[in-house]
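Architecture at a glance
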Amino acid sequence: MSRLRVLSFAVSLDGYSAGPRQDLQHPLGVGGEALMEWVFNTRMWRRMHGEDGGETGVDNRMAEQSFTDIGAWILGRNMFGPVRGPWPDESWKGWWGDEPPYHAPVFVLTHHPRPPLRMAGGTEFRFVTDGIHSALKQAMEAAGGRDVRLGGGVATLRQYLQAGLIDDLHLALRPVLMSSGENLWHGLDMRALGYECVESVAGERATHVILRRSARNSNAL
Ligand SMILES: NC(=O)c1ccc[n+]([C@@H]2O[C@H](COP(=O)([O-])OP(=O)(O)OC[C@H]3O[C@@H](n4cnc5c(N)ncnc54)[C@H](OP(=O)(O)O)[C@@H]3O)[C@@H](O)[C@H]2O)c1
């Protein structure tokens, strides 16, 4: 059965997963790139950007695994881009250029309707305006038995956590303090939601932590 998974999602020591004031120059918010420094040197990241070489240690293994057996994605609108409010036109096509790294249907949660957007390499952005359950249902159908990856950002993840809909999370815990931005944990009672830590692996630039929802709460769908 398909799972809803969060993979390679970076979190600072004080619980932030994005910096404040996201804009075109700061896709991860101001200072947010410190969260992703564990991935920039990996072979996976370099390959994704058409470069050779790169490190092949634990961080790389975890990053590579996060793209395995994923049949569809769910994103929040701010992860898709910095445009807010009604779409002024159709010119914004994501941060990733003509061929985004998804290669699958990507369901983008937004309050502002927009026609689907087909990109090179099999990615199709489909804009969902009727909420998280609808996006999940559509993504599960589109995934054809493979898993659905919830890519972020923070507000979107928090909604799915609160609803008890995420089966497991792989968090890349970064040894940095952010002090501001989008906090992943604020006001969430993860134990009451049924999550527990089942694995922790030290990587080169991040500690990889796996949280899983216990069977007791696995029928939240
Ligand atoms: N740490 C990591 O590994 C990681 C991974 C991915 C992303 N990020 C970062 O996270 C940040 C984005 O996170 P975020 O919390 O600002 O925003 P987000 O979760 O990406 O998107 C939030 C927006 O999505 C739309 N949305 C969300 N839920 C909805 C619902 N139920 N119904 C309709 N629309 C809904 C709303 O947009 P509208 O109302 O405007 O339509 C909402 O303002 C970015 O800086 C990104 O780079 C970090």
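Residues numbered from 1 in each chain as written. Predicted model: local features only at pLDDT ≥ 70, side-chain atom pairs only at ≥ 80, totals over all residues. Heavy atoms only, no water.

Within the secondary structure layout, serine 66 lies in the loop between helix H2 (58-65) and strand S3 (70-76). For serine 66, the side chain forms a polar contact with the main-chain oxygen of alanine 63, separated by 2.6 Å. In this structure, serine 66 is in contact with Leu7, Ser8 and Arg149, ignoring residues within four places of it in sequence. (Helix = DSSP H or I, 4+ residues; strand = E, 2+ residues; numbered from the N terminus. Polar contact = N/O pair within 3.5 Å; in protein donor to acceptor, adjacent residues only side chain to side chain. Contact = heavy atoms within 4.5 Å.)

Attention now moves to unusual backbone geometry. Of note, the bond from glycine 152 into glycine 153 is cis; its omega dihedral lies within 30 degrees of zero at 0°. Its location among the elements puts glycine 153 in the loop between strand S7 (147-152) and helix H5 (154-162). The backbone of serine 8 sits at a positive phi, close to 55°, despite the residue not being glycine. A relative accessible area of 12% places serine 8 in the buried class. Even without being glycine, histidine 103 reaches a positive phi, approximately 55°. (Buried < 20%, exposed > 50% of the residue type's maximum accessible area, 1.4 Å probe, protein only.)

Before going further, it helps to examine a nonpolar patch on the surface. On the surface, a cluster of nonpolar side chains totalling about 300 Å² of accessible area is made up of Leu13, Leu173 and Leu177. Here leucine 13 shows up in the loop between strand S1 (4-12) and strand S2 (16-18). In this structure leucine 13 comes out as exposed when scored by relative accessible area, which is 53%. (Patch = residues over 30% accessible without salt bridge, like charges linked within 9 Å, V, L, I, M, F, W, Y side chains within 5 Å. Areas by Shrake-Rupley, 256 points an atom, 1.4 Å probe, with all protein chains shown as cover. Salt bridge = Lys/Arg side-chain N within 4 Å of Asp/Glu carboxyl O.)

In total, this model carries 12 salt bridges according to the counting rule given. With a closest N to O distance of 3.5 Å, arginine 174 and glutamate 37 form a salt bridge. Residue arginine 174 is located in strand S8 (residues 168-174), and its partner glutamate 37 is located in the loop between S2 and helix H1 (43-48); the two are separated by 137 residues in the primary sequence. A relative accessible area of 6% means that arginine 174 is categorised as buried. By relative accessible area, which is 37% here, glutamate 37 ends up partly exposed. One salt bridge in this structure joins arginine 118 and glutamate 124, with 3.0 Å as the shortest N-O distance. Here arginine 118 falls in the exposed class, since its relative accessible area comes to 71%. With a relative accessible area of 13%, glutamate 124 lands in the buried category. In this structure, a network of salt bridges that share partners links the residues Arg3, Arg5, Asp147 and Asp168.

Strand pairing within a sheet occurs via backbone hydrogen bonds; the two strands may be parallel or antiparallel. Pairing within the open sheet is mixed, and its 9 strands lie in the order S5-S6-S4-S3-S7-S1-S8-S11-S10. Edge positions in the open sheet fall to strand S5 (117-118) and strand S10 (195-202), since each of these has one partner strand only. When strand S4 (residues 105-109) meets strand S6 (residues 124-128), the two strands line up parallel, connected through 5 bridges. By the bridge assignment, leucine 109 is partnered in S6 with valine 128. Contacts between H2 and the sheet are confined to S1, S8, S10 and strand S11 (207-213), with S11 contributing the most and set at about 35° to the helix. (Pairing = 2+ DSSP bridges. Axes fitted to C-alpha atoms, helices over the stretch in contact; angles between N-to-C directions.)

An α-helical turn contains 3.6 residues, so any two residues separated by three or four positions project in the same direction. The end-to-end C-alpha distance of helix H4 (residues 132-143) is 16 Å, a good match for the 16 Å that 12 residues give at a rise of 1.5 Å each. When H4 is considered as a whole, its buried residues turn out to be Ile132, Ser134, Ala135, Leu136, Ala139 and Ala143. As for H4, its buried residues are in contact with S1, S3, S4, S6, S7 and H5. Positive backbone phi, approximately 55°, marks glycine 144, located one or two places after H4. (Expected span 1.5 Å × (residues − 1).)

Moving on: the packing of aromatic side chains. Per the stated rule, a full pass over the model turns up 12 aromatic pairs. Measuring from centroid to centroid gives 5.2 Å for tryptophan 92 and tryptophan 95, while their planes differ by 85°, and the two rings are edge-to-face. In this structure tryptophan 95 comes out as partly exposed when scored by relative accessible area, which is 24%. With centroids separated by 6.2 Å and ring planes inclined at 75°, the aromatic side chains of tyrosine 102 and phenylalanine 125 adopt a geometry described as edge-to-face. Of the two residues, tyrosine 102 sits in the loop between helix H3 (77-80) and S4 while phenylalanine 125 sits in strand S6, which places them 23 residues apart along the sequence. For the pair shown, tyrosine 102 and phenylalanine 125 are each scored as buried. Among the aromatic residues, those joined into a ring-pair cluster are Phe67, Trp73, Phe80, Trp87, Trp96, Tyr102, Phe125 and Phe127. Geometry around tryptophan 87 places arginine 77 over its ring, the cationic atom sitting 3.9 Å from the centre. When the ring centre of tryptophan 87 is taken as reference, the NZ or CZ atom of arginine 114 above it lies at 4.7 Å. (Phe/Tyr/Trp six-rings, centres within 6.5 Å; stacked < 30°, edge-to-face > 60°. Lys NZ or Arg CZ within 6 Å of the ring centre and 35° of its normal.)

Note that all results are geometric; they support no functional claim without further evidence.
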